[in-house]
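# Structural overview
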Amino acid sequence: MPIEQRVVSGPKIGGKIGGGAGAPQTEAEPAAETKKSKKKLVLVLVPVVLVVLAAAWFFLLRPSGPAEPAAEPTPEPGEVLTVEPVSLNLEGGHYLRLGLALQLTTDVTEAPDPSKAVDHAIALFSGRSVEEVSDPKSREKLRDQLAHELSEAYEGEVMGVYLTNYVTQ
């Protein structure tokens, strides 16, 4: 079997390098064009493949997020525990006479000790200005904050707080 030999002629010495419109192409030029076209193809296909994979993951494979826990049943109001009013020191030598009532849930079988509620109320209201505790919006925020603190302190036995006595001096 004869082996074909192909003679590739390159540019002549002193001739134009890179050729012009009429210059014959060498074997190296088509290989370079093939490499360039493969690079272009890769540069176009890689982002397209990444976008398709991201879309497939987003719509098909992504986790649906944390499972929402079963909603706890809303506690039902039970008895109301009245707490004796206390006098609290405010800023500037003023006082606040504060009376509370705790809305208990129906799960409570025995009246809780109100000293926790008084302690939290003292910590929350003491040292504030008369203007702050007299403002209806501020008073509502303080009451809601106290209700939240007491719900945690009494481990869910208290579901609300009523201000039964609220006098500033």
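Everything numeric in this text was worked out from a predicted model, so none of it was measured.

Our next topic: the overall build of the protein. Helices and strands together make up the secondary structure of the protein, namely four helices and three strands. Secondary structure elements of the protein, listed N to C terminal, follow the sequence α-β-β-α-α-α-β. Within the protein, residue pairs in contact and separated by at least 24 positions form 65% of the contacts whose partners lie at least 6 positions apart. Counting every atom, the protein has about 13300 Å² of accessible surface; 58% of that belongs to carbon and sulfur.

When charged atoms on two side chains of opposite charge get close, those side chains can pair. Considering all chains together, one arrives at two salt bridges under this definition. For Glu-132, the salt bridge goes to Arg-128, with nearest N and O atoms at 2.7 Å. Looking at Glu-132, the relative accessible area reads 28%, which means it is partly exposed. For Arg-128, a relative accessible area of 22% gives the class partly exposed. Residues Asp-144 and Arg-143 are paired through a salt bridge, measuring 3.3 Å at the closest nitrogen-oxygen approach.

Take helix 2 (residues 115-125) next. Each α-helix turn comprises 3.6 residues. Residues three or four places apart therefore point the same way. Three or more residues of helix 2 are buried, namely Ala-117, Val-118, Ala-121, Leu-124 and Phe-125. All buried residues of helix 2 project into a common sector of 135° when viewed along the axis, lining one side. Facing away from the buried side of helix 2, by more than 90 degrees, are the exposed residues Asp-119 and Ala-123. Gly-127 occupies a position one or two residues after helix 2 and carries a positive phi of about 80°.

The subject of this paragraph is the packing of aromatic side chains. Tallied over the full model, the rule gives one aromatic pair. On the numbers, 6.3 Å between centres and 70° between planes, the contact of Phe-125 with Tyr-166 is edge-to-face. One end of the pair, Phe-125, is in helix 2; the other, Tyr-166, is in strand 3 (residues 158-168), with 41 residues separating them in the sequence. Of the residues examined, Phe-125 reaches a relative accessible area of 0% and is grouped as buried.

The next thing to look at is the pairing of strand 1 (residues 77-89). Pairing of strand 1 with strand 2 (residues 95-105) involves nine bridges; the strand directions are antiparallel. Paired with Leu-81 across the strands is Leu-102, a residue of strand 2.

A separate point is the nonpolar core. With 25 residues, the main nonpolar core has Leu-98, Leu-100, Leu-102, Phe-125, Leu-146, Leu-150 and Val-161 as its most contacted residues. Not counting the four nearest positions on each side in its chain, Leu-150 is found in contact with Leu-102, Lys-116, Ala-117, His-120, Val-158 and Val-161.

Thresholds, definitions, all that
Residues numbered from 1 in each chain as written. Predicted model: local features only at pLDDT ≥ 70, side-chain atom pairs only at ≥ 80, totals over all residues. Heavy atoms only, no water. Helix = DSSP H or I, 4+ residues; strand = E, 2+ residues; numbered from the N terminus. Contact = heavy atoms within 4.5 Å. Areas by Shrake-Rupley, 256 points an atom, 1.4 Å probe, with all protein chains shown as cover. Salt bridge = Lys/Arg side-chain N within 4 Å of Asp/Glu carboxyl O. Buried < 20%, exposed > 50% of the residue type's maximum accessible area, 1.4 Å probe, protein only. Arc of directions from axis to C-beta. Phe/Tyr/Trp six-rings, centres within 6.5 Å; stacked < 30°, edge-to-face > 60°. Pairing = 2+ DSSP bridges. Core = buried A, V, L, I, M, F, W, Y, C linked by side-chain atoms within 4.5 Å.

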